[in-house]
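The residues making up each chain are set out below.
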Amino acid sequence: MTAPTLKVSHARKIAILRANGLGDLIFALPAVQALRLAYPDAEMVWLGLDLHRQFFSHRPGPVDRVIVVPPSQGVRDDCEGADDTALQRFFEAMVEERFDVAVQIHGGGRFSNPFVRKLGARMTVGLRTPDAVALDRWIPYSYFQHEVLRYLEVVALLGTTAADLEPTVCVTEQDRSEIEALLPYSDQPLVAIHPGAGDPRRRWPAEKFAEVGDALQKAGAKVVVIGTKPERQTVDGVGSAMMTTPINLADRLSLGGLIGLLSRCCLVIGNDSGPLHLARTVGAGTVAIYWCGNFINAGPITRARHRAAISWRLTCPVCGVHCLEAQCHHSMPFVADVPVTDVLAPALELIQPIFASSEQ
């Protein structure tokens with residue numbers, strides 16, 4: 001049973017647990033902004049990753065401070081296994097922080113709710129699946145709900161009101177300077193392609209990205225292909241499959257440089273991934289390739305400048321298992337059957353006004 005949506009009196013320090021990837025961070029920003037507006041005098045402390053510390057450092061936004069969470073089962077599994085001594089020291093330090101409120105927006109709560117309860121906050125708020133322990137105030141976790149709306153509903157339990165449904169990120173002069181050094185500004189419309197994704201099942205084939213990239217360059221755009229160090233092979237695969245030559249910036253951008261680049265793009269094309277979601281926050285138009293289930297919880301909220309190409313495949317392309325009824329261990333893409341025209345047509349539609357204005 002959930003609790004009333006009342007503001008917490010004398011809340012001076014609020015902890016927010018969200019210790020996962022870049023795209024997951026982006027979806028939570030409207031909720032954190034709503035918290036900031038409802039509790040303007042409270043310190044907002046993000047419990048997350050070093051990536052998040054880099055993101056929020058020297059960047060205007062709703063978060064005041066980032067504390068990096070140590071490895072912990074089900075909360076932070078991105079590095080070596082949990083160290084009980086390190087975790088004990090972490091929780092002791094968190095109790096000393098004297099949080100008034102701890103907000104859990106890190107999954108259904110099987111692991112994250114016990115974690116949040118150990119922070120020693122005066123009140124705990126968050127999500128809950130049937131197998132998770134209860135927090136003081138909670139809403140049921142359902143996978144098929146848009147992530148932005150899910151977290152806004154959580155913080156509404158604290159008496160907040162949403163200011164904006166669309167996440168936004170401030171672009172700094174440092175962001176702009178970094179990309180300017182790598183890619184000097186020109187009047188030619190800039191389009192970024194990001195062919196990577198954390199889950200291989202979300203990756204559209206490189207040769208299809210290449211076909212889209214060629215068509216856009218022939219139409220007059222300048223195409224840059226981006227990705228992290230682990231994605232270099234995928235990025236190189238797109239470049240080598242193209243008939244025209246793109247700019248390859250794989251593993252050449254810091255997080256700030258990526259933000260600077262995306263802010264200069266008229267369009268970003270990619271899989272359901274962090275950079276794609278980040279692009280929307282800095283003003284770029286987007287065309288994204290989604291598996292239908294992911295589209296429900298991570299698709300664009302608006303359509304004026306954002307389009308989605310959706311795969312409706314429900315069975316594993318290897319073993320045929322229905323993915324809504326059971327799980328398998330295969331990692332073949334579920335989105336490979338999305339036609340090139342489903343991506344290229346909306347991309348050309350979105351950039352056509354930019355081409356038209358540049359010809360005037």
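Along each chain, residues carry numbers from 1 onward, in the same order as the chain's sequence is written. Per-residue local features are limited, in this predicted model, to residues with pLDDT of at least 70; the limit for side-chain atom pairs, both in listing and counting, is 80 or more; totals at the level of whole chains, interfaces and linings are taken over all residues. As a rule here, side-chain values come from all non-hydrogen atoms in the structure, and water together with hydrogens is ignored.

Next up on the list: the overall build of the protein chain. The secondary structure listing takes helices from DSSP runs of H or I that are at least 4 residues long and strands from runs of E that are at least 2 residues long, numbered from the N terminus. When helices and strands are counted, the protein chain shows 12 helices and 12 strands. Radius of gyration here uses only the C-alpha atoms, and the compact-globule reference equals 2.2 Å multiplied by the residue count raised to the power 0.38. For a compact globule of 360 residues, the expected C-alpha radius of gyration is about 21 Å, and the protein chain comes in at 21 Å, within 12% of that figure. Counting only C-alpha atoms and orienting by the principal axes, one finds that the protein chain spans roughly 60 × 50 × 35 Å. Exposure classes here rest on a 1.4 Å probe applied to the protein chains alone. A residue is buried below 20% of its type maximum, exposed above 50%, and partly exposed in between. The burial tally for the protein chain puts 52% of its 360 residues in the buried class. The Shrake-Rupley method, run with a 1.4 Å probe sphere, supplies the accessible areas, and residue values consider only the shown protein chains as cover. Carbon together with sulfur atoms contributes 52% to the accessible area of the protein chain, which is approximately 16200 Å² in total. Across the protein chain, 34 positive and 38 negative side-chain charges occur, with their mean positions spaced 3 Å apart. Counted as positive: Lys and Arg. Counted as negative: Asp and Glu, with His and the chain ends omitted from the count. Here the site of a charge means atom NZ of a Lys, CZ of an Arg, CG of an Asp or CD of a Glu.

To continue, consider unusual backbone geometry. Here His58, not a glycine, exhibits a phi torsion of approximately 60 degrees, which is positive. Within the secondary structure layout, His58 lies in the loop between helix H2 (50-56) and strand E3 (65-68). With phi around 60 degrees, Asp251 is a residue other than glycine that occupies positive phi space. Among the structural elements, Asp251 can be located in the loop between strand E9 (247-248) and helix H9 (255-264). A residue is classified by how much of its surface remains accessible, and Asp251, at 37% relative accessible area, is partly exposed.

Just to be clear on terms, a salt bridge is a Lys or Arg side-chain nitrogen sitting within 4 Å of an Asp or Glu carboxyl oxygen. Enumeration according to the criterion identifies 16 salt bridges in this entry. One salt bridge in this structure joins Arg202 and Asp272, with 3.5 Å as the shortest N-O distance. In this pair, Arg202 sits in the loop between strand E7 (190-194) and helix H7 (206-219) while Asp272 sits in the loop between strand E10 (267-271) and helix H10 (274-281), placing the two residues 70 residues apart along the sequence. The partly exposed category is assigned to Arg202, whose relative accessible area is 27%.

Right, let's talk about the sheet that holds strand E12 (residues 306-311) for a bit. Should DSSP find at least two bridges between two strands, the strands are regarded as paired. Here 6 strands make up an open sheet; going across it, the order is E9-E8-E7-E10-E11-E12 and the pairing parallel. Bordering the open sheet on either side are E9 and E12, each of which pairs with just one other strand. Bridging between E10 and strand E11 (residues 285-291) involves 5 bridges; their strand directions are parallel. Counted as the bridge partner of Asn271 is Ile289 from E11.

Moving on to the environment of Glu207. Along the polypeptide, Glu207 turns up in helix H7. Residue classification places Glu207 among the exposed residues on the basis of a relative accessible area of 52%. In this structure, the C-alpha to C-alpha distance between Glu207 and Gly239, residues 32 residues apart in sequence, is 9.1 Å.

Ordered by their spatial adjacency, 6 strands build an open sheet running E3-E2-E1-E4-E5-E6, and the pairing between neighbours is parallel. A single partner strand is all that each edge strand has here, and the edge strands are E3 and strand E6 (137-140). Strand-to-strand twist in this sheet, taken as the mean axis angle between neighbours without regard to direction, amounts to 15 degrees. Pairing analysis gives 5 bridges linking strand E1 (residues 13-17) to strand E2 (residues 43-48), with the strands arranged parallel. The residue of E2 that forms the bridge with Lys13 is Glu43. Residues count as neighbours in contact if any of their non-hydrogen atoms are within 4.5 Å of one another. Axis definition: a line fit to C-alpha positions, over the contact stretch in the case of helices; interaxial angles, taken between N-to-C directions, run 0 to 180 degrees. Along the sheet, helix H3 (residues 84-97) contacts E1, E2 and E3; its crossing angle with E3, the most-contacted strand, is approximately 155 degrees. Against the sheet, helix H5 (residues 147-156) touches strand E4 (101-104), strand E5 (123-128) and E6, its axis set at about 150 degrees to E5.

Definition of nonpolar core: a set of buried residues of the types Ala, Val, Leu, Ile, Met, Phe, Trp, Tyr and Cys, connected through side-chain atoms within 4.5 Å. In this structure, Tyr39, Phe55, Val103 and Leu278 are the most contacted members of the largest nonpolar core, which totals 61 residues. Take this core: its biggest share by element is 11 residues, from helix H1 (residues 22-38). With near-sequence residues (within four places) excluded, Leu278 lies in contact with Leu22, Ile26, Phe55, Val169, Leu255, Leu258, Ile259 and Leu262. Counting 34 residues, the second-largest nonpolar core is a separate cluster that includes Val191, Trp204, Met242 and Val343.

Here we come to a nonpolar patch on the surface. Taken together, the side chains of Tyr143, Phe144, Ile296, Leu314 and Leu324 make up a nonpolar region of the molecular surface, amounting to roughly 430 Å² of accessible area. Within the secondary structure, Ile296 sits in helix H11 (residues 292-298). Given a relative accessible area of 39%, Ile296 falls into the partly exposed group. Think of a patch as exposed residues, more than 30% relative accessible area, with no salt bridge, where like charges cluster within 9 Å and nonpolar side chains (Val, Leu, Ile, Met, Phe, Trp, Tyr) cluster within 5 Å.

So, on to the packing of H7 against helix H8 (residues 232-241). Between H7 and H8, the least distance of the axes is 8 Å, while the angle of their chain directions is 50 degrees. It follows from the interaxial angle that H7 and H8 lie oblique. Seen along the crossing, H7 lies across H8 with a hand that is right-handed. Here Ala206, Glu207, Phe209, Ala210 and Asp214 of H7 lie close against H8, whose contacting residues are Gly237, Val238 and Ala241. Partitioned by chemical class, the residues of the contact of H7 with H8 number 5 nonpolar, 1 polar and 2 charged. Each angle is binned into one of four classes, with values under 35 degrees roughly parallel, values over 145 roughly antiparallel, values of 65 to 115 roughly perpendicular, and all other values oblique. For a crossing to be left-handed, the near helix must be turned anticlockwise from the far one by less than a right angle; the clockwise case is right-handed. All residues other than Ala, Val, Leu, Ile, Met, Phe, Trp, Tyr, Cys, Pro, Asp, Glu, Lys and Arg, Gly among them, are scored as polar; the first ten of these are nonpolar and the last four charged.

It is at 7 Å that the axes of H1 and H5 come closest, and there the two elements cross at 25 degrees. By the angle between their directions, the pair H1 and H5 is classed as roughly parallel. Along this stretch, H1 crosses H5, giving a crossing that reads as right-handed. Residues Phe27, Ala28, Pro30, Ala31, Ala34 and Leu35 of H1 touch H5, and the partners they reach there are Glu147, Val148, Tyr151, Leu152 and Val155. Split into classes, the residues belonging to the contact of H1 with H5 amount to 10 nonpolar, no polar and 1 charged.

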